[in-house]
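What follows is the residue order along each chain.
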Amino acid sequence: MTTRDIDEGVRAELTRLRESIDNIDAAVVYMLAERFKCTQQVGHLKAEHRLPPADPAREARQIERLRQLAGSAKLDPAFAEKLLNFIIAEVIRHHETIAESTPPTPEG
């Protein structure tokens, strides 16, 4: 069976839902972009003051916080943790790159 063979009402509902999914995907991408803009600023601040790129204590708190949020949102907490771990790894990679190219401040 192809999409053309589906009842018109079902096809319309499928289209409506897919358009919502597309809108949500766009919002997720823009939210991630905003998040990375902030983490880039954190990376520059850390680099200027020779702070380490990773902060395991904060990362652990964030993971626990996101797991709780996921549970209350009826999203699998393990999935939320995997997603955040992926994002954190990318942030740390950015921070390391920034640190390699940033001279320390006089007091740093």
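Our structure is the block above this text.
Before going into details, it helps to say that this report is about the structure given with it. (Residues numbered from 1 in each chain as written. Predicted model: local features only at pLDDT ≥ 70, side-chain atom pairs only at ≥ 80, totals over all residues. Heavy atoms only, no water.)

## Observations regarding a nonpolar patch on the surface
Condition: Patch rule: a residue counts if its relative accessible area is over 30% and it has no salt bridge; like charges are joined within 9 Å, and nonpolar side chains (Val, Leu, Ile, Met, Phe, Trp, Tyr) within 5 Å. Here the open area of atoms and residues is found with the Shrake-Rupley method and a 1.4 Å probe, where only the protein chains shown may cover a residue. By definition here, a salt bridge exists when the distance from a side-chain nitrogen of Lys or Arg to a carboxyl oxygen of Asp or Glu is within 4 Å. Helix and strand definitions here come from DSSP, where helices need a minimum of 4 consecutive H or I residues and strands a minimum of 2 consecutive E residues; each element is numbered from the N-terminal end.
On the surface, Ile 24, Val 28 and Leu 32 cluster together into a nonpolar patch covering about 240 Å² of accessible area. Within the secondary structure layout, Leu 32 lies in helix H1 (residues 8-48).

## A look at the pattern of salt bridges
This is how it is decided: When a residue's accessible area, from a 1.4 Å probe over protein chains only, is under 20% of the maximum for its type it is buried; when over 50% it is exposed; and in between it is partly exposed.
Applying the stated rule across the entire model yields 5 salt bridges. Close ionic contact of Glu 8 with Arg 11 constitutes a salt bridge, the shortest N to O distance being 3.3 Å. With Glu 8 and Arg 11 both in helix H1, this residue pair falls 3 residues apart, about one helical turn. Given a relative accessible area of 53%, Glu 8 falls into the exposed group. For Arg 11, a relative accessible area of 27% corresponds to the partly exposed category. The salt bridge partner of Glu 81 is Arg 67, with a shortest N-O separation of 2.7 Å. Separated by 14 residues along the polypeptide, Glu 81 in helix H3 (residues 77-100) and Arg 67 in helix H2 (residues 56-72) bring together distant segments of the chain. Glu 81 gets classed as partly exposed once you look at its relative accessible area, which sits at 25%.

## Here we look at the packing of H1 against H3
Quick reminder of the rule: Only the contacting stretch of a helix is used when fitting its axis, a line to C-alpha atoms as for every element, and angles between N-to-C directions run 0 to 180 degrees. Roughly parallel refers to an angle under 35 degrees, roughly antiparallel to one over 145, roughly perpendicular to one between 65 and 115, and oblique to any angle outside these ranges. For a crossing to be left-handed, the near helix must be turned anticlockwise from the far one by less than a right angle; the clockwise case is right-handed. The contact criterion used throughout is that any non-hydrogen atoms of two residues lie within 4.5 Å. Gly is placed with the polar residues, together with every amino acid not listed as nonpolar (Ala, Val, Leu, Ile, Met, Phe, Trp, Tyr, Cys and Pro) or charged (Asp, Glu, Lys and Arg).
Relative orientation of the contacting elements H1 and H3 amounts to 40 degrees, with a least axis distance of 9 Å. Comparing the axis directions of H1 and H3 gives the class oblique. Like other packed secondary-structure pairs, H1 and H3 cross with a definite hand, here right-handed. Where H1 abuts H3, its residues Leu 32, Arg 35, Phe 36, Thr 39, Gln 40, Val 42, Gly 43, His 44, Lys 46 and Ala 47 lie against Leu 84, Ile 87, Glu 90, Val 91, His 94, His 95, Ile 98 and Ala 99. Of the residues in the contact of H1 with H3, the class split is 9 nonpolar, 6 polar and 3 charged.

## Observations regarding the layout of surface pockets
For clarity, the cut-off: Site definitions follow a grid-based scheme: protein atoms alone, a 1 Å grid, a 1.4 Å probe that fits but cannot get out for cavities, and for pockets an open set with protein on both sides within 12 Å along at least five of seven lines, plus lining residues having an atom within 4 Å of a point. Grid points are joined across faces, edges and corners, and a volume is the space filled by probe spheres set on the points.
Put simply, the largest pocket is a space of about 430 Å³. Along the wall of the largest pocket there are 15 residues; nearest its centre are Leu 32, Arg 35, Leu 66, Leu 83 and Ile 87. In terms of residue class, the lining of the largest pocket is built from 12 nonpolar, 1 polar and 2 charged. Each pocket or cavity is described by its volume, and for the second largest pocket that value is around 310 Å³. Around the second largest pocket, the lining is made up of 14 residues, and of these Arg 35, Thr 39, Arg 58, Val 91 and His 95 lie nearest the centre. Only H1, H2 and H3 provide two or more residues apiece to the lining of the second largest pocket. Considering only residue class, the lining of the second largest pocket consists of 6 nonpolar, 3 polar and 5 charged.

## Considering unusual backbone geometry
Of note, Arg 50 is a non-glycine position whose phi angle comes to about 55 degrees, a positive value. Its location among the elements puts Arg 50 in the loop between H1 and H2.

## Observations regarding the packing of H2 against H3
Interaxial distance between H2 and H3 falls to 8 Å at its minimum, and their mutual angle equals 145 degrees. Taken as a pair, H2 and H3 cross one another with a handedness that is right-handed. Side by side, H2 and H3 meet where Glu 59, Gln 62, Ile 63, Leu 66, Arg 67, Ala 70 and Gly 71 of the first sit next to Pro 77, Ala 78, Ala 80, Glu 81, Leu 84, Asn 85, Ile 88 and Ile 92 of the second.

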